[in-house]
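# Observations on chain architecture
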Amino acid sequence: MNLHGIWAIYRFEMARSLRTLWQSLVGPVLTTSLYFIVFGGAIGSRMQAVDGVSYGSFIVPGLIMLSLLTQSVGNASIGIYFPKFTGTIFELLSAPVSPMELVVGYVGAAATKSVVLGLIILATSAFFVPISVLHPGAMVAFLLLTSIAFSLFGFILGIWAKSFEQLNFVPMLLITPLTFLGGSFYSIDMLPQPWRTVSLFNPVVYLVSGFRWSFFGKGDVDIAVSLGVTLGFLVACLAVIALIFRSGWRLKN
Amino acid sequence: MPEPILAVTGVSKTYKGGFTALHSVDLTIHKGEIFALLGPNGAGKTTLISIICGIVTPSTGTILVAGHDALTDYKAARRRIGLVPQELSVDMFETVLATVTFSRRLFGRSGDSAYIEQVLRDLSLWDKRDAKIMELSGGMKRRVLIAKALAHEPEILFLDEPTAGVDVALRRDMWKLVHRLRERGTTIILTTHYIEEAEEMADRVGVISKGRLLLVDDKAALMQKLGKRELDLTLVDPLDAVPVGLERWRLSLLNEGRTLRYVFDATDEHTGIPSLLRELADRHIAFKDLETSKSSLEDIFVDLVEERA
Ligand SMILES: Nc1ncnc2c1ncn2[C@@H]1O[C@H](COP(=O)(O)OP(=O)(O)O)[C@@H](O)[C@H]1O
Ligand SMILES: [Mg+2]
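Residues numbered from 1 in each chain as written. Chains lettered and ligands numbered in written order. Predicted model: local features only at pLDDT ≥ 70, side-chain atom pairs only at ≥ 80, totals over all residues. Heavy atoms only, no water.

## Some words on the packing of helix α3 (residues 55–86) of chain A against helix α5 (residues 99–128) of chain A
Residue and element names in this part refer to chain A. Convention followed: Throughout, an axis means a line fitted to C-alpha atoms (over the contacting stretch in the case of helices), and angles, computed between N-to-C directions, take values from 0 to 180 degrees. The way it works is that DSSP assigns letters per residue, a run of H or I at least four long becomes a helix, a run of E at least two long becomes a strand, and they are numbered from the N terminus. Between 65 and 115 degrees an angle is taken as roughly perpendicular, under 35 as roughly parallel, over 145 as roughly antiparallel, and anywhere else as oblique. Each crossing gets its hand from how the near helix is turned against the far one by less than a right angle, where anticlockwise is left-handed and clockwise is right-handed. Only heavy atoms matter for contacts: two residues are in contact if any of them lie within 4.5 Å across the pair.
Two elements in contact, α3 and α5, have axes whose closest approach is 9 Å; the angle formed by their N-to-C orientations is 150°. Considered as vectors, α3 and α5 are oriented roughly antiparallel to each other. Crossing angle aside, the handedness with which α3 passes α5 is right-handed. For the pair formed by α3 and α5, the contact residues are V60, I64, S67, L68, Q71, S72, N75, A76, G79, I80 and P83 on the first element and Y106, A110, K113, S114, V115, L117, G118, I121, L122 and S125 on the second.

This is the structure in C-alpha cells:
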C-alpha cells in the first residue's frame, strides 16, 4: 500500500481548503444563521412544535445535512475535476497509486472538511436554539457516513464533468432540490399523499431522518432503514468508482 | 548485450475517434543509455511515452519495466519511472518546494529533504523554493516539472520534447543534468523533432513517423544514414535535361531547369563535388550561385518510408 501517496494527496487537498478557509467557512455559517433567523425566529415562532420539539431545534439536523451534502459534493468534485482541467492529472495517473488509494486521499480530505463544517454549524446553531443530542454516537456515525457517501458522489461528478458548468449544474439541479424536499425543514408526515410516498424515493429523506433520530430519538423512518439506505448509497458510489477506474472512463484515452 | 530496462512489445494505440496513432511498436531500451525518439509532430512520440507511463491505455501490446508488467504490476513499474511532460501542467497555487515534495510522496517515498534540496539546487530552483509556481517564468516552470519528475529518484526518466520553447540557459543546464543523471546510472528517454538534438545527446536513436518505429540504431550509424546533403547550383542558362554522361552523380533539375541539384553524403570520404564541378566547367555549364543544405527531416522520413515500402 502506498501510504505516502495517500497522505500526500490528503495533505494537498487539505492545504487547498485551508487556502480558502474563510470562504469555505463563512459561507455556510452565514447561510445557516440566516436560516435560523428566518425559519427559526420569524416563521418558527408561529409554528407548532414538531413531535414535541420546537421548530427551531427541529430544523437543526436538516440544516446540517443541507450544508454537509452541498459541501461534500462541491469539495470532492472540484478536487478531482481541477487536475483534469489543468492537466496535472497526468502525474496522478502515472503514479504508483491504486484507484482506491486515490479515492481515500481525495474523498478522505473532502469528507474531513465536511465533518468539521458540520460540527461548526452545530456549534453555530447552539447560539440560536437549545440543542441536545440524544444519541451522540449515532450522530457522529451519520455525520461521517453522509460526508463520505456524498464526497464519493462528488468524486464521480468531478470525473464525469467536462466543464465548470456541468460541475455546478448537478448540485444545483439534483442535490439542492433533493435536500429541500428531503424533509430538512419539515417532517414528511406533514405532507399530504401522494407526496409522502413519493418522498420515500428520495435518499436524502433517510439521511435527514436518521440524523434527526440521533438528536431527538424520533425520525420519519426507522433508524435501521436510514442506516441501510445511507450505507447502500455509499457502497453504490464505491462500485461506480471501481467501474470508472477499470474502464479509464473520462480519465484516460 | 546490455541489460534491458524497458521492453515494449507490439504496442499499438487506436484513439476513440478511430485514429491509429501507433502501429505495433517494438522497442528495447538498455539500462543506463540515453535514447532519443526522433520524429516529426504527430508521429506518436507522446502517445508512446504516455502509454509506458500509464496515462494512456494501449490498444494492444505489453510493456515490461525492469521486468514488471506496466499494466498488471503497475506499482512496481511506475515507481521506477519519472516523466517530464510536453505541456507545462503544474499546480499554480503551490510553492516549488511543496509541489516537489508532493511528487516524491505520491510516488511512495518518505520526504527526504536533503535529496530534494540537491535536486532543486541542480536545477537552480533552490532560491525559488518558497515561490508560488504561478509567479515563475515558463522556463522556471519547466525546471519545476523536471524536479518533480526526479523527486522520487526514478531509474528511468522520460523527457517529452524537453527543449521546445526553452531558453539557452535552461537547455545547457538540462543537458548537464542529463549527463550527470546518466553517470549515476539513470536511463533517459527523450523525444525530439530536431536531428541536431538527437545527435548531440543520445547514444541511440529511434526514428518514428506516422505511428511506426522505422528504425532504431546507434547514433553514429544513424547519422551516417541521415547525413545526406544537397548541393544546389543556380544555372546561368536553364537546362532541358540532366546532361548525358553525368549519371555518375545523383543529379536532378528543379525550377524549370534553372537549378541543378546534387544529393551527396557528407560523411563519405569522397563527396564527388570537386569532380562534378570540374566536369561542369569542361562542358561550359556555368552557374552563378551555389548552396548546400542538409536534407530536411521531412525528406529523410520520406526516404525512410519509401525504403521500407
Ligand atoms: N486523445 C487523442 N485523441 C485522438 N487523437 C489523438 C489524441 N492524442 C493524440 N492524437 C493523435 O495521435 C497522433 C500522435 O500524436 P502524438 O503522440 O501527440 O504525436 P507527437 O508527440 O509525436 O507529436 C496525432 O495525429 C494526434 O493528433
Ligand atoms: Mg508530442
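Still more to cover.
## Concerning helix α9 (residues 273–282) of chain B
Residue and element names in this part refer to chain B. Our working rule: Only protein chains enter the accessibility calculation, which uses a 1.4 Å probe. A residue is then buried if its area is under 20% of the maximum for its type, exposed if over 50%, and partly exposed in between. Along the arc lie the directions from the helix axis toward the C-beta atoms.
Taken residue by residue, α9 has I273, S275, L276 and L280 as its buried positions. On an axial view of α9, the arc spanned by its buried residues comes to 165°, and they lie on one face. Those residues of α9 that are exposed and aimed more than 90 degrees away from the buried face are R278 and D282. Buried residues along α9 sit against β11 (228–235), β12 (251–254) and β13 (259–265). Residue H284 follows α9 closely and has a positive phi angle near 60°.

## Observations regarding the sheet that holds β11 of chain B
All names here are of chain B. Rules: If DSSP finds at least two bridges between two strands, the strands pair.
In spatial order, the strands read β12-β13-β11-β14; together these 4 strands make up an open sheet with antiparallel pairing. Among the strands making up the open sheet, the edge pair consists of β12 and β14 (287–294). Looking at each pair of strands side by side, their axes are set apart by 25° on average, direction ignored. Relative to the sheet, α9 contacts β11, β12, β13 and β14, its axis offset from that of β13 by approximately 155°.

## Topic: the pattern of salt bridges
Heads up, the rule is: One side-chain nitrogen of Lys or Arg within 4 Å of one carboxyl oxygen of Asp or Glu is enough to make a salt bridge.
Evaluation of the coordinates by the stated rule reveals 21 salt bridges over all chains. Two residues, E91 of chain A and K148 of chain B, come together in a salt bridge whose shortest N-O distance is 3.1 Å. Of this pair, E91 of chain A sits in helix α4 (residues 89–94) while K148 of chain B is found in helix α5 (residues 138–150), placing the two residues in two different chains. Classification of E91 of chain A by relative accessible area gives buried; the value is 7%. Among the salt bridges present, the one from E230 of chain B reaches R261 of chain B, with a minimum N-O distance of 3.8 Å. Here E230 of chain B, found in strand β11, pairs with R261 of chain B, found in strand β13; they are 31 residues apart in sequence, far enough to count as distant. Residue classification places R261 of chain B among the partly exposed residues on the basis of a relative accessible area of 21%.

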